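# Summary of structural features
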Amino acid sequence: KRFINSFFDCELKDKDSVFIKPLLREGIVKAKTSNKDHILVYQTSKSNKKLIEVLQKINRKFIVYGFDGGKKIGSISFKSISEKEFLKDLISCSAVITNGGSTLISEALFLKKPILSIPIKKQFEQIINAIYLKKLGYGMFVEDANKELIEKFIKSLPSIRKKLKNYKRYDNKEALRKIEHEIKLLS
């Protein structure tokens, strides 16, 4: 059996595959979310240095993970990866800017955070995730970030939050039940 996890629902045609929602960290499931003034930026690809230049031109507080931590440029704070700090900043952010990986997208959606996805070029999974974010109204998909597109995203936060009110939260129990069920069938 193959377990296919995704934040968006999809029909599987392969009888050997089972659809499950992504498993979430306990810190996310138990979080008491808030919306402070910062936007969390997570970029695992250091090749997107242009994004930092663009963020410097926008009058907004950004907390950036994925580049060298410990420095500050204007309203941009750079932090080294630390699960505890990252979760704190994610839980309290007003929005997320990320590549297009499913883990952060799933966690941000669970917390009902609007997402601007800038997928790594030629990364099929990230592009599909970004397309579905846009299609469902939970965020924006852009191929390259520029000042105008990020400002457009920031202006659209109220309408995206309104759409996110309909996002159905879930816990890990259903996915774990499906996994257990399939294991028992194989035994």
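Rules of the game
Residues numbered from 1 in each chain as written. Predicted model: local features only at pLDDT ≥ 70, side-chain atom pairs only at ≥ 80, totals over all residues. Heavy atoms only, no water. Helix = DSSP H or I, 4+ residues; strand = E, 2+ residues; numbered from the N terminus. Rg over C-alpha atoms; globule rule 2.2 N^0.38 Å. Buried < 20%, exposed > 50% of the residue type's maximum accessible area, 1.4 Å probe, protein only. Contact = heavy atoms within 4.5 Å. Areas by Shrake-Rupley, 256 points an atom, 1.4 Å probe, with all protein chains shown as cover. Lys, Arg positive; Asp, Glu negative; His and termini not counted. Charge placed at Lys NZ, Arg CZ, Asp CG, Glu CD. Core = buried A, V, L, I, M, F, W, Y, C linked by side-chain atoms within 4.5 Å. Polar contact = N/O pair within 3.5 Å; in protein donor to acceptor, adjacent residues only side chain to side chain. Salt bridge = Lys/Arg side-chain N within 4 Å of Asp/Glu carboxyl O.

Further remarks concern the overall build of the protein chain. Within the protein chain one finds 8 helices and 9 strands. Taking 2.2 N^0.38 as the reference for a compact globule, 187 residues should give roughly 16 Å; the C-alpha atoms of the protein chain span a radius of gyration of 17 Å, in line with that estimate. For the protein chain, the spread of C-alpha atoms along the three principal axes comes to 60 × 30 × 30 Å. Expressed as a percentage of its 187 residues, the buried residues of the protein chain come to 44%. Residue pairs at least 24 apart in sequence account for 54% of intrachain contacts in the protein chain once pairs closer than 6 positions are excluded. Of the roughly 10700 Å² of accessible surface on the protein chain, a fraction of 53% belongs to carbon and sulfur atoms. When the 39 positive and 21 negative side-chain charges of the protein chain are each reduced to one mean point, those points stand 5 Å apart.

The next point concerns unusual backbone geometry. Phi at Lys112 takes a positive value of approximately 60°, unusual for a residue other than glycine. Checked against the element boundaries, Lys112 lands in the loop between helix H4 (102–110) and strand E8 (115–117). The phi angle at Lys122 is positive, at roughly 65°, despite the residue not being glycine. If you trace the backbone, Lys122 turns up in the loop between E8 and helix H5 (124–136).

The biggest cluster of nonpolar side chains holds 50 residues, and the ones touching the most others in it are Leu55, Leu90, Ile97 and Ile150. Every residue in contact with Ile150, bar those within four places of it in the chain, is listed here: Leu51, Val54, Leu55, Ile58, Ile97, Leu116 and Ala145.

Here the focus is the side chain of Gln43. Tracing the sequence through the fold places Gln43 in the loop between strand E3 (38–42) and helix H2 (49–55). Here the side chain of Gln43 touches Asn99 through a polar contact of 3.5 Å, side chain to side chain.

What follows concerns the pattern of salt bridges. Enumeration over the complete set of coordinates arrives at 13 salt bridges. A salt bridge links Lys21 to Asp9; the nearest nitrogen and oxygen atoms lie 3.2 Å apart. Note that Lys21 is positioned in the loop between strand E2 (17–20) and helix H1 (26–29) and Asp9 in the loop between strand E1 (2–5) and E2, a separation of 12 residues in sequence. Classification of Asp9 as exposed rests on a relative accessible area of 57%. Its salt-bridge partner being Glu83, residue Arg25 comes within 3.3 Å of it at the nearest N-O pair. Taken together, the residues Arg25 in the loop between E2 and H1 and Glu83 in helix H3 (residues 83–92) connect sequence positions 58 residues apart. Given the relative accessible area of 28%, Arg25 is considered partly exposed. A relative accessible area of 49% places Glu83 in the partly exposed class.

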